[in-house]
Every structure is written in C-alpha cells, then in structure tokens.
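Structural features, examined
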Amino acid sequence: MTKRKIDFAYILVLIILVLTVVITIYPFLYTLVGSFNSGKDFQLGGVWIWPRVWTLDNYKVIVEDPRFWVALRNTVIRTVVGTILSLLVTSLIAYALSHPKLPCKKFFKITAIITMYFSGGIVPFFVLVNAIGLYDNFLVYILPSLYSVYNMIVISKFFKGIDEGIREAARIDGASEFRIWAQIYLPMSIPVMVTVGMWIVVMHWNSYLPTLLYTSKDPSLWTLQYYLMVIIKDATLPDGAVYDTITAQSVSFAGMVLSMLPIALIYPILSKKFNNNTVGTGKD
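So, here's what we can say about the structure. Owing to the predicted nature of the structure, the values given are computational and were not obtained by experimental measurement.

What to know about the overall build of the protein
Helices and strands together make up the secondary structure of the protein, namely 13 helices and 0 strands. Along the protein, helices (α) and strands (β) appear in the sequence α-α-α-α-α-α-α-α-α-α-α-α-α when read from the amino end. Taken over C-alpha atoms, the radius of gyration comes to 24 Å for the protein, far larger than the 19 Å a tight globule of 284 residues would show. Overall size of the protein, expressed as C-alpha extent along the three principal axes, is 75 × 70 × 35 Å. The buried share among the 284 residues of the protein stands at 36%. Long-range contacts, defined as pairs at least 24 residues apart, comprise 71% of the intrachain contacts of the protein with a sequence gap of at least 6. Distance between charge centroids for the protein: 11 Å, based on 23 positive and 16 negative side chains.

The following block contains the structure:
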C-alpha cells in the first residue's frame, strides 16, 4: 500500500513537471515554428508544432532592415558596458556596507532599503533625466541602472560570509580597502558576481522602456526590444519588404527568435561558469 502511494505521488509529480515544461517551452516553439513558416499560410491556422510551408523570407526581412542592426548594436553595447559597470559599482557599495567599521552603517542601510520600496515615480524621474542632459542620450541606458539596492544586498551578504581575518591580514600587509575589494573580495566572489551579472544581462537585454520614455524615438537610439515592439505593435512590415509570403506577424516571430538567440547561447555558458567556480571554492 505504501509502495502504491509512493508510486502515485511520484507519477503525479512527474506529470506536473512535464506539464510545467510544456507550458514553459511551447510559446518558444510556437514562435520558432511561426518564424520559419510562410506568413500567408500561417494566417490560415493549424500550424502548431512544425512549419507547414517552410521559408526564410521572414528572417531575410529582418536582417535586411538596417534598423535591426542599429538596435542590435545598441543593445549589445548597453548590455556589455552596463553589466560590467553595474557589477563594479554595486559590488563596491556592497563591500563598503559589509565592512564592520563603516561609520553610520545603519543609516546607509535604512536609506538604501527605503529607496528600494519607494520611488518618486516616472514623471519626477523624467524631469531629472531631462535636467541632467540624459534625454536622447545613450548614457540614459547605462547611468540610471548602475546601482541596484537588491543586487547590493545579495552581494553584501556574500561578502559578509568571507572570513574577516582575510581582510585584517591584508590590512596588516599594507593593502588599502580598494585593493582588498579588487584583488581579494572580487576574485573570491565570482559565483555571486556571475549570478547577479546574469540578472543584469537579462534586464538590459529585455529592456525597452528607456527608449520609449527617455528618447525622441530616434532610430539611432533604438534598442532591440523596442524595435520588436514597433514591429509587433504597429503590425507593419519594415520598409522595403517586398516578399509575397510574409506578414507582419511572421516577421515579428523571426525578430523574437533572433533577439532570444544571444541570451539562449550565453545563459548556459554563464551557468556553467557559476557551477565551475562554486565547485572550485569547495562549496557544496
């Protein structure tokens, strides 16, 4: 009887997991299938798990659109530069707040937590962006996202787990606080840095609101997700698209696939880096 209950529970959990995987993966499969199917044929319905009329015209329209390459360039630069700078700034603040001898430490922590839960809102932030010259400026993608209170707390917790004797030994040897942070704490914190870095990468790559709110919609400042939003929302084909088999929907599917591809390739690499460094530090 016990064995039957265990088997039934095991089967039930397995079914739930399979359904969860299917529900999670199918939207991606549906988009992929639609991107390789003729747009005119796709409108007829019945295309679910395999393209009925194969075509690469949807992808040709995207790669022939110069706005796509500009948006891709902007997104790559934003993601790489923004992630590196954000990790440096956030980890530096986390190191300071993890220091047991920081003056007014409690005040800084309370202030940071308050800003995490309460903000001035979009309108005051827009006024601020405009006042300091970030409107229609590429730096609006980088500077406002340099620091995250939540990421700082995560990194700070990891820093606190490092033996305080290491810091004291380095100080006795004459190392400055900046050198201790850069040469001791950062190398020892690669797992948490990779984890937080993945969060920041996904945030930058998927963001479109800064383009929508803090630029004049100049195509030279478009990001990849904003480019996709324009195609999907306007339901119009890019200029110069003359293929007979495509529709705005099928082209948007191709754009989605191309936008997801870099993250789909990079994420497993970063996850492997995280696992290797966790094993290397001897943490189970």
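Details of helix α10 (residues 190–206)
For α10, built from 17 residues, the straight-helix expectation of 24 Å at 1.5 Å per residue is met to within 8% by its first-to-last C-alpha distance of 24 Å. Counting buried residues along α10, 12 of its 17 residues qualify, which places the element largely inside the surrounding structure. Every buried residue of α10 is accounted for by P191, V192, M193, V194, T195, V196, G197, M198, I200, V201, H204 and W205.

Some details on the layout of surface pockets
One number sums up the size of the largest pocket: a volume of about 880 Å³. Forming the walls of the largest pocket are 31 residues, and the residues nearest its centre are F125, P144, S145, Y147 and Y214. If you list the elements that add at least two residues to the lining of the largest pocket, you get α4 (66–98), α5 (105–117), α6 (122–131), α7 (149–160), α10 and α11 (209–214). In terms of residues, the lining of the largest pocket owes the most to one element, α6, which gives 5 residues.

About the cut-offs
Residues numbered from 1 in each chain as written. Predicted model: local features only at pLDDT ≥ 70, side-chain atom pairs only at ≥ 80, totals over all residues. Heavy atoms only, no water. Helix = DSSP H or I, 4+ residues; strand = E, 2+ residues; numbered from the N terminus. Rg over C-alpha atoms; globule rule 2.2 N^0.38 Å. Buried < 20%, exposed > 50% of the residue type's maximum accessible area, 1.4 Å probe, protein only. Contact = heavy atoms within 4.5 Å. Lys, Arg positive; Asp, Glu negative; His and termini not counted. Charge placed at Lys NZ, Arg CZ, Asp CG, Glu CD. Expected span 1.5 Å × (residues − 1). 1 Å grid on protein atoms, 1.4 Å probe; cavity = no way out; pocket = protein on both sides within 12 Å on 5 of 7 lines; lining within 4 Å. Points joined across faces, edges and corners; volume = space filled by probe spheres on them.

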